[in-house]
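Structural features, examined
Here is what each chain is made of, one letter per residue.
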Amino acid sequence: MFAAERRQLILEMVRANGAVSLRELARVVQTSEVTVRRDVRALEAEGLLDRRHGGAVLPGGFTRESGFPQKSHLATAEKTAIADLAANFVEEGEAIVVGAGTTTQELARRLARVPGLTVVTNSLLVAQALAHANRVEVVMTGGTLRGSNYALVGSGAEQSLHGLRVSRAFLSGAGLTAERGLSTSNMLSASVDRALVQAAAEVVVLADHTKLGTDTMFQTVPTDLITRLVTDEPPAHDDRAATELQALADQGVQIAVAGGQGGAAGSGAGGPGGDAVPARQQRRDVPVPGPRRQVPGAGGQLRSASAAMLGEQGPGAERARVADMRRR
């Protein structure tokens, strides 16, 4: 494929989806990420798109929301890894809320195996994923159906959440920054997500690395209300995504990283001198400075909590730490 053909296809993908990762662009145009990055840089110089952390977006500073068919085909491997890891934070007999989104839909598929679970959701896709789970009770909000993401929104959805109290909320969005927190492109969706947050004792955000550093119009969860971020390992060249992860950690957000593609990808996530990346699908809780959690000797750097605890106290201490974290 000639460069002009590649760039035209890249431009069409960005226009259709609003935001596309370099990894996905490279897969579609069947070339390396290095070549795609060069193409994106050239298109940005012409004002046709904007570069973002590990991807490209529509020009103008704020990405627009993609429809479900487009979003369901983006970063599918990353969403699967994130959902696998996030499911570990759900206990038997818990009551949780799960927001709308393709990543939360993946999580719901895994929650079908958790006995005694109660899931409150405004997402038809989440409810559908749990419809045949005999041991899971699904409670849906009221509201008006928003067809682009199969979610119930509006005053009916918000009012149905008043007085609700659950242990955790699992949410995704269109963008995540340390400065503004989680955001989305639709006002009605943002309003319902804020109501979901108010119902939960803890907030867990599910966001793949392409959303790190992306800012959209409507804030849903400010950074100081995010308990934990579950994300995937940023590519080795994506220093800005790693910087955003560190900034979130510095503000007290606990970081859990799902997988990676080998040791090289971990250099950015821990900063200079950071730990090596674990094998794909391996859980990696990152201790952070600040009042929420402090690990002696962490030095403010992102690193593997499980590796640190195993090295210092042995496997028994690690199991106790994980059990204590889940009780919280």
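This text goes with the structure placed above it.
I will try to describe carefully the structure that is included in this document. (Residues numbered from 1 in each chain as written. Predicted model: local features only at pLDDT ≥ 70, side-chain atom pairs only at ≥ 80, totals over all residues. Heavy atoms only, no water.)

1. Considering the packing of helix α2 (residues 22-29) against helix α3 (residues 33-45)
Running from N to C, α2 and α3 cross one another at 105°; their axes reach a closest spacing of 9 Å. Accordingly, the angle class assigned to the pair α2 and α3 is roughly perpendicular. Judged by residue contacts, L22, R23, L25, A26 and V29 of α2 engage E33, V36, R37 and V40 from α3. Looking at the contact of α2 with α3, its residues break down into six nonpolar, no polar and three charged. (Axes fitted to C-alpha atoms, helices over the stretch in contact; angles between N-to-C directions. Helix = DSSP H or I, 4+ residues; strand = E, 2+ residues; numbered from the N terminus. Parallel < 35°, antiparallel > 145°, perpendicular 65-115°, else oblique. Contact = heavy atoms within 4.5 Å. Nonpolar A, V, L, I, M, F, W, Y, C, P; charged D, E, K, R; others polar.)

2. Looking at α3
Under the 1.5 Å per step criterion, the end-to-end length of α3 is 18 Å for 13 residues, consistent within 8% with the ideal 18 Å. Restricting attention to buried positions, one finds in α3 the residues T35, V36, D39, V40 and L43. The buried residues of α3 occupy one face: seen down the axis, they fall within an arc of 135°. Two residues or fewer after α3 comes G47, characterised by a positive phi angle close to 75°. (Expected span 1.5 Å × (residues − 1). Buried < 20%, exposed > 50% of the residue type's maximum accessible area, 1.4 Å probe, protein only. Arc of directions from axis to C-beta.)

3. A look at the sheet that holds strand β2 (residues 50-52)
The strand order across the open sheet formed by three strands is β1-β3-β2, and the pairing between neighbours is antiparallel. If you trace the sheet from one side to the other, it starts and ends with β1 (19-21) and β2, each paired once. Along the sheet, successive strands turn relative to each other by an average axial angle of 25°, direction set aside. Note: β2 against strand β3 (residues 55-57), three bridges, orientation antiparallel. For D50, the partnering residue across the bridge sits in β3 and is V57. (Pairing = 2+ DSSP bridges.)

4. Details of the nonpolar core
The biggest cluster of nonpolar side chains holds 30 residues, and the ones touching the most others in it are L176, V205, L229, L248 and I255. For this core, the elements supplying multiple residues, two or more each, are β9 (166-171), α9 (187-198), β12 (200-206), α10 (239-250) and β15 (254-258). V98, V126, A256 and A258 belong to the second largest nonpolar core, which has 26 residues in total. (Core = buried A, V, L, I, M, F, W, Y, C linked by side-chain atoms within 4.5 Å.)

5. Points about the environment of T144
On the secondary structure map, T144 appears in strand β7 (residues 144-146). With 12 residues separating them along the chain, T144 and G156 place their C-alpha atoms 7.2 Å apart. If we ignore the near neighbours within four places in the chain, the residues touching T144 are A151, L152 and V153.

6. A short note on the environment of S167
If you trace the backbone, S167 turns up in strand β9. Residue class for S167 comes out partly exposed when judged on its relative accessible area of 25%. Leaving out residues up to four positions away in the same chain, S167 has contacts with E94, A95, I96, A200, A201 and E202. Reaching out from S167, the side chain makes a polar contact with the side chain of E94 at a distance of 2.6 Å. (Polar contact = N/O pair within 3.5 Å; in protein donor to acceptor, adjacent residues only side chain to side chain.)

This is a description of form; function is not addressed.
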